[in-house]
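# Notes for the structure review
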Amino acid sequence: MPAFDIVSEVDLHIFTNAVDQAGRVIETRFDFKGVDARFERDALTVTMFAEAEFQLQQMEDLLRAALVKVKIDPLAMEMGDVKGAGKQVKQLVTMQSGLTSDVARKIVKLIKDRKLKVQSQIQDEQVRVTGKKRDDLQEVMAILRAEELDQPLQFTNFRD
């Protein structure tokens, strides 16, 4: 029976490359010359350090651009509060990995509301969709791509 999984994941290696690329851009930008601005990555979190809050905003834009360039959806970014520490300000950026239970329930409800001949079940941080016809599964994918959800979705493990 054809099936696929709906997940929300960020590839750590690609994410690391995007953060490093944004760091290199900051080192070469004229408006950041002589400024102690940097990114520090730890697993799926990035801490941005700068001397002023507007510089943090510019760094966020650079990070978003770097993520888009490597095909990571910026919707996965969760921005923390700006904190001041001496003459520096910092902000924590967390990348969401795995579907939250609310989003998973919303996906299942969307699929059931369309009354397609597929079954969907929540499995930990993913949703498995199974059906008799491949066309039904592709229709589910199209519906979810068109829907505005709070998290980026990837479709993996497609079996025929």
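Computed from a predicted model, the values in this text were never measured in an experiment.

## Re helix α3 (residues 101-113)
Between its first and last C-alpha, α3 extends 18 Å over 13 residues, near the 18 Å set by a 1.5 Å rise per residue. Considered for burial, the residues of α3 that qualify are Val 103, Ala 104, Ile 107, Val 108, Leu 110 and Ile 111. For α3, the angular spread of buried residues about the axis comes to 160°, placing them on one side. Structural note: α3 exposes Asp 102, Lys 109 and Lys 112 on the side pointing more than 90 degrees away from its buried face. Taken together, the buried residues of α3 touch β1 (3-7), β6 (118-123), β7 (126-131) and α4 (134-146). At the C-terminal side of α3, Lys 115 shows a positive phi close to 55°.

## A word on the sheet that holds strand β8 (residues 154-159)
Strand order in the open sheet formed by four strands is β6-β7-β1-β8, with antiparallel pairing between adjacent strands. A single partner strand is all that each edge strand has here, and the edge strands are β6 and β8. Strand after strand, the sheet turns through a mean of 20° between neighbouring axes, direction not considered. Bridging between β1 and β7 involves four bridges; their strand directions are antiparallel. Along β7, the bridge assignment pairs Asp 5 with Arg 128.

## Observations concerning the pairing of strand β2 (residues 38-42)
Working note: regular strand, side chains alternate between the two faces of the sheet. Bridge analysis of β2 against strand β3 (residues 45-50) gives five bridges, and the strand direction is antiparallel. For Asp 42, the partnering residue across the bridge sits in β3 and is Thr 45. A loop of two residues connects β2 with β3, the two strands running antiparallel in sequence, and Ala 43 in this loop sits at a positive phi of about 55°.

## Some thoughts on the nonpolar core
Most often, soluble globular proteins keep nonpolar side chains buried together rather than apart. In this structure, Phe 15, Phe 39, Met 59, Leu 63, Leu 67 and Met 95 are the most contacted members of the largest nonpolar core, which totals 24 residues. Counting residues per element, the ones that place at least two in this core are α1 (12-28), β3, α2 (53-69) and β5 (88-95). Here this core gets six residues from one element, more than from any other, and that element is α2. Residues within four places of Phe 15 in sequence aside, it is in contact with Val 10, Arg 41, Ala 43, Leu 44, Thr 45, Val 46, Leu 67, Ile 72 and Met 95. Counting 19 residues, the second largest nonpolar core, distinct from the first, contains Val 103, Val 140, Met 141 and Leu 149.

## As for α4
The first and last C-alpha atoms of α4 sit 19 Å apart over 13 residues, in line with the 18 Å expected at 1.5 Å per residue. By the burial criterion, the buried members of α4 are Asp 136, Leu 137, Val 140, Met 141, Ile 143 and Leu 144. Here the buried residues of α4 occupy an arc of 160° about the axis, which is enough to place them on one side. The exposed residues of α4 that point more than 90 degrees off its buried face are Asp 135, Arg 145 and Ala 146.

## Side note on unusual backbone geometry
In this model, Ala 43 sits at a positive phi of 55°, which is unusual for a non-glycine residue. Backbone geometry at Asn 157 places phi at a positive 60°, although glycine is not the residue there. As for its placement among the helices and strands, Asn 157 is situated in strand β8.

## Focus: the pattern of salt bridges
What the rule picks out here adds up to seven salt bridges. Notably, a salt bridge pairs Arg 128 with Asp 5, separated by 2.6 Å at the nearest N-O pair. Pair noted here: Arg 128 is in strand β7 and Asp 5 is in strand β1, with a separation of 123 residues, a long-range link. A salt bridge links Arg 38 to Glu 40, with the shortest nitrogen-to-oxygen separation between them at 3.0 Å.

Criteria and thresholds
Residues numbered from 1 in each chain as written. Predicted model: local features only at pLDDT ≥ 70, side-chain atom pairs only at ≥ 80, totals over all residues. Heavy atoms only, no water. Helix = DSSP H or I, 4+ residues; strand = E, 2+ residues; numbered from the N terminus. Expected span 1.5 Å × (residues − 1). Buried < 20%, exposed > 50% of the residue type's maximum accessible area, 1.4 Å probe, protein only. Arc of directions from axis to C-beta. Contact = heavy atoms within 4.5 Å. Pairing = 2+ DSSP bridges. Axes fitted to C-alpha atoms, helices over the stretch in contact; angles between N-to-C directions. Core = buried A, V, L, I, M, F, W, Y, C linked by side-chain atoms within 4.5 Å. Salt bridge = Lys/Arg side-chain N within 4 Å of Asp/Glu carboxyl O.

Everything listed is a geometric property; what it means functionally is a separate question.
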